[in-house]
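Listed below, chain by chain, are the residues.
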Amino acid sequence: MPVSIISVKNLVKTYRMGDLEVHALRGVSLDINKGEYIAIMGASGSGKSTLMNILGCLDRPTKGDYFLDGVNVNTYNKNQLAEFRGKKIGFIFQSFNLLPRTTALENVELPLLYNRLVNSKERKERAFNALKAVGLADRANSLPNQLSGGMQQRVAIARSLVNEPVVIMADEPTGNLDTRTSYEIMEIFQSLNDKGSTIVMVTHEADIAQFALSNVVFRDGRIIANQALKVRKNATEELKNLPVLDNEVEII
Amino acid sequence: MRVSNLIKVALRSLAKNKMRTFLTMLGIIIGVASVIAMLAIGQGSKQTVQASISSLGTNTIMIFPGSSNQGGVRGGAGSTSTLTVDDADAVKERCDLVGHVSPVVQKRVQTIFGSQNWNTTIMGGLNDYFYIRNLIIETGNKFTEADMRAAAKVCIIGQTVVTNLFGEGSDPIGQTIRISQVPFKVIGTIARKGQNTFGQDQDDIIIAPFNTVFKRMMNSTNVNMILVSAINEESIDGASKQIKPVIREKHKLLPNDDDDFTIRTQSDIANIFGSISSIMTILLAVIASISIVVGGIGIMNIMLVSVTERTREIGIRMAVGAKGYHVLMQFLIEAIFIGILGGIIGILLGVFISIMVASFAGWPVTVTVFSILLSSVFSVVVGVFFGWYPARKAANLNPIDALRYE
């Protein structure tokens, strides 16, 4: 019996821009089980980012219920939401969103900084382990601007892992990366998922979505398709098939 | 999140922008330093004035002749000579709050010793004069009773006169000087007193027995003033109240007549100067406080820029679990820290400036605990007050908007 981690029912989100009402979500229902790896696809303005914000407890729906880890999030106030985010959700963004002029290790420590139960020794240890998990143990003291895009995103992944969240929310995680680096990130995602992490990923790249376990497609604020992938791509193998110096080859 | 973490985060972000932090602090530093220095200088000048007023003598009451009023034409103070030796004797006899009394006559005279000559003032007074004016005999002796009675031609001279007639460091005791052609024997010198409040050289003086000056050198039967000392500081007002009716009676004034004399106490003068320098001190402090407020606005300005510049950072922190309170505290602590550190540097700078002023101006510049407390409290309050608005603004940001901010 699969355990449902995320459950949304008839989610409606309406923005008001002057006199105009924008219907970003028009009744979305979705269940995500523990251990799922789901890719949300759709064109710009289809409502996938709005859903992502609501799922990430950064925004509230106009109507509808949202249960995360058994809790009706709608009943929470702003501060409770913040605490909930800090404990239950790991975020990965398209533009990495690392703190500038702050070392990789300190960036990874950030979510634990706002958790009273973690002391500084434990915080450093856990942050270092998370960095090790994404293969950046040797770059712990590097600043973000000393790291490549792929490395920065791996630091961001480490940051999203460090609080042991029930779900990882990735908003276009490969949007700023080249193909090879994107596949490397997908390799990390797949290995995290294999170890039991639940991942919700928004993307508009069809090839990236194929690394997930199932795809949800949005159009005009509604889900038009929700299906498990029959053939799932394996990132490690795809990486082997890529030309080694693909960039140079293209230039020639 | 623990408070220690918040402080660490705030300090780290200040350390990342050292130059900006310092420039922000500068307003507070200058403000606090000027408050400290201004108050110290104000206090110092007040003390200087008070010291020089008390150098006039202790518990001194001065009785001056009053204004003339003849046929409706009123002259200024001192325009008539109404005080007599009898007035002084009556005051001495009948007022029990009065300690020493000395009638005083004075005259500008040319003095000659050998090839040197010098224009100075000769004062005729009783030995009481030395007590009242707080004059100390440095070398030699005071006048004897016999000197007084016989109107002996002896004198005691101030240091300026010593220097000008005899040369620096010479011993004039036993020498004879000519004062307005009359030979006087120098029997003593007065210890240096320096300038008084009004810039007069108190050492440029010759003192001779009252009768000597009064009978030999003056053409009047009146005295220039009567100097009185009260028995103690508390009795100054009481003594002047006792003196007034005595002199009115001696002068046979009717109840409706104005006084033909003026009584000034040392505390009158001290009060006037005290209140002048208090006003000056307050004025200086207010001006300096304005610069602290300007410094505070500087903090607010930079904090607002900082909040805008770090919108994304705020968004990231909020996304990973920071509550509004955490963000508020982070920025508030930054502002308070700028206030406190600026305050401390300002206090040190202010004390330094005070010491410099003291050594250049030769004033007793006093840094008071009050001024340090005032400016520390002020700088923290400024930090909180001007840090609150930007911090509040940061805390109220919507995490989605903050994350999207470019």
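Rules behind the numbers
- Residues numbered from 1 in each chain as written.
- Chains lettered and ligands numbered in written order.
- Predicted model: local features only at pLDDT ≥ 70, side-chain atom pairs only at ≥ 80, totals over all residues.
- Helix = DSSP H or I, 4+ residues; strand = E, 2+ residues; numbered from the N terminus.
- Rg over C-alpha atoms; globule rule 2.2 N^0.38 Å.
- Buried ≥ 20, exposed ≤ 12 C-beta atoms within 10 Å, placed from the backbone.
- Contact = placed C-beta atoms within 7 Å.
- pLDDT = per-residue confidence, 0-100.
- Pairing = 2+ DSSP bridges.
- Nonpolar A, V, L, I, M, F, W, Y, C, P; charged D, E, K, R; others polar.
- Axes fitted to C-alpha atoms, helices over the stretch in contact; angles between N-to-C directions.
- Expected span 1.5 Å × (residues − 1).
- Domains from an automatic or database assignment.
- Core = buried A, V, L, I, M, F, W, Y, C linked by C-beta atoms within 7 Å.
- Parallel < 35°, antiparallel > 145°, perpendicular 65-115°, else oblique.
- Left-handed = near helix turned anticlockwise from the far one by under 90°.

### Side note on the overall build of chain A
Scanning chain A from N- to C-terminus turns up nine helices and ten strands. In terms of overall size, chain A behaves like a compact globule, its C-alpha atoms giving a radius of gyration of 18 Å where 252 residues would be expected to give roughly 18 Å. Along the first, second and third principal axes, the C-alpha set of chain A runs to 50 × 50 × 45 Å. With 252 residues in all, chain A has 45% of them scored as buried. Look at the contacts in chain A between residues 6 or more apart in sequence, and 70% of them connect residues 24 or more apart.

### Structural notes on the overall build of chain B
Counting its regular elements, chain B contains 13 helices and twelve strands. Relative to the 2.2 N^0.38 estimate, which gives 22 Å for 406 residues, the radius of gyration of chain B is 33 Å and therefore markedly larger than a compact globule would have. Across its three principal directions, the C-alpha atoms of chain B cover 105 × 55 × 35 Å. The buried share of chain B, taken over its 406 residues, is 41%. Here the contacts in chain B between residues at least 6 apart in sequence split such that 82% fall between residues at least 24 apart.

### Details of the confidence of the model for chain A
When pLDDT is averaged along chain A, the result is 90, and 96% of the positions lie at 70 or above. Mean pLDDT across the elements of chain A ranges from a minimum in helix α9 (residues 246-251) of chain A, with 54, to a maximum in strand β8 (residues 199-202) of chain A, with 95.

### Observations regarding the sheet that holds strand β2 (residues 20-33) of chain A
Residues and elements named next belong to chain A. What the four strands build is an open sheet, ordered β2-β1-β4-β5; its pairing is antiparallel. Each having just a single partner strand, β2 and β5 (71-72) make up the two edges of the open sheet. Relative to β5, strand β4 (residues 63-68) is paired through two bridges, and the arrangement is antiparallel. Within the sheet, the bridge partner assigned to F67 lies in β5 and is N72.

### Here's the deal with the interface of chain A and chain B
Contact residues are listed per partner, giving 20 residues for chain A and 20 residues for chain B. Secondary-structure elements contributing two or more residues to the side of chain A that touches chain B are α2 (78-88) and α3 (104-113) of chain A. The element that contributes the greatest number of residues to the side of chain A that touches chain B is α2(A), accounting for seven residues. Its residues assigned to classes, the side of chain A that touches chain B shows eight nonpolar, five polar and seven charged.

### Things to note about the pairing of β2(A)
A regular strand places its side chains on the two faces of the sheet in alternate fashion. Pairing of strand β1 (residues 4-17) of chain A with β2(A) involves eleven bridges; the strand directions are antiparallel. Within β2(A), the residue paired with A:V12 across the bridge is A:R26.

### With respect to helix α1 (residues 48-55) of chain A
Residue and element names in this part refer to chain A. In terms of residue burial, α1 counts as a mostly covered element, since eight of its eight residues are buried. All of the buried residues in α1 are K48, S49, T50, L51, M52, N53, I54 and L55. One or two residues past the end of α1 sits C57, with phi positive at roughly 60°.

### Structural notes on the sheet that holds strand β9 (residues 214-219) of chain A
Residues and elements named next belong to chain A. Across the sheet, six strands lie side by side as β6-β7-β8-β3-β9-β10; this open sheet has mixed pairing. Because the sheet does not close on itself, it has two edges, and the strands there are β6 (89-92) and β10 (222-228). Taking the axes of each pair of neighbouring strands and ignoring which way they run, one obtains an average angle of 15° across the sheet. Alignment of β6 against strand β7 (residues 167-171), held across four bridges, turns out to be parallel. Its bridge partner being in β7, F91 is matched across the sheet by M169.

### Looking at the pairing of strand β3 (residues 37-42) of chain A
All names here are of chain A. Within β3, six of the six residues are buried, which leaves the element mostly enclosed by the surrounding structure. Going residue by residue along β3, you find Y37, A39 and M41 tucked away on one face and I38, I40 and G42 tucked away on the opposite face as well. Bridge count between β3 and β8: four bridges; the pairing is parallel. Residue pairing across strands places A39 opposite M201, the latter belonging to β8. Two elements, β3 and β9, share five bridges in a ladder whose sense is parallel. Within β9, the residue paired with I38 across the bridge is S214.

### Some details on helix α11 (residues 324-361) of chain B
Over its 38 residues, α11(B) runs 53 Å from end to end, which matches the ideal 56 Å to within 8%, given 1.5 Å per residue. Positioned one or two residues after α11(B), B:G362 has a phi angle of 70°, which is positive.

### Description of the domain arrangement of chain B
You can read the domains of chain B as domain 1 (3-52 + 272-404) and domain 2 (81-259). Domain 1 of chain B and domain 2 of chain B are separated by 56 Å when their C-alpha centres are compared.

### Description of the nonpolar core
Formed by 121 residues in total, the largest nonpolar core has its most connected members in A:I40, A:V108 and A:A158. Those residues in contact with A:A158, other than ones at most four positions away along the chain, are A:V108, A:A130, A:L131, A:A133, A:V134 and A:L136.

### Focus on the packing of helix α1 (residues 3-16) of chain B against α11(B)
Residues and elements named next belong to chain B. The contact between α1 and α11 brings their axes to 9 Å, and the two run at 55°. Here α11 runs oblique to α1, going by the angle between their axes. In the packing of α1 onto α11, the handedness of the crossing is right-handed. Side by side, α1 and α11 meet where L6, I7, V9, A10, L11, S13 and L14 of the first sit next to H326, M329, Q330, I333, E334 and F337 of the second. Along the lines of polarity and charge, the residues of the contact of α1 with α11 split into nine nonpolar, three polar and one charged.

### What about unusual backbone geometry?
Positioned with a positive phi, A:N10 is a non-glycine residue whose angle comes to about 50°. Tracing the sequence through the fold places A:N10 in strand β1.

### Description of the environment of B:I333
All names here are of chain B. Of note, I333 is situated in helix α11. For I333, a count of 22 C-beta atoms within 10 Å gives the class buried. Apart from the residues lying within four places of it in its own chain, the contact partners of I333 are L6, I7 and A10.

### What to know about the packing of helix α9 (residues 266-309) of chain B against helix α12 (residues 369-395) of chain B
Residues and elements named next belong to chain B. Between α9 and α12, the shortest axis-to-axis distance is 9 Å and the interhelical angle comes to 25°. In terms of axis orientation, α9 runs roughly parallel to α12. Taken as a pair, α9 and α12 cross one another with a handedness that is right-handed. Residues I292, G295, G296, I297, I299, M300, M303, L304 and V307 of α9 form the contact with α12, whose participating residues are F378, S379, V382, G383, F385, F386, G387, Y389, P390, K393 and A394. Partitioning the contact of α9 with α12 into residue classes produces 14 nonpolar, five polar and one charged.

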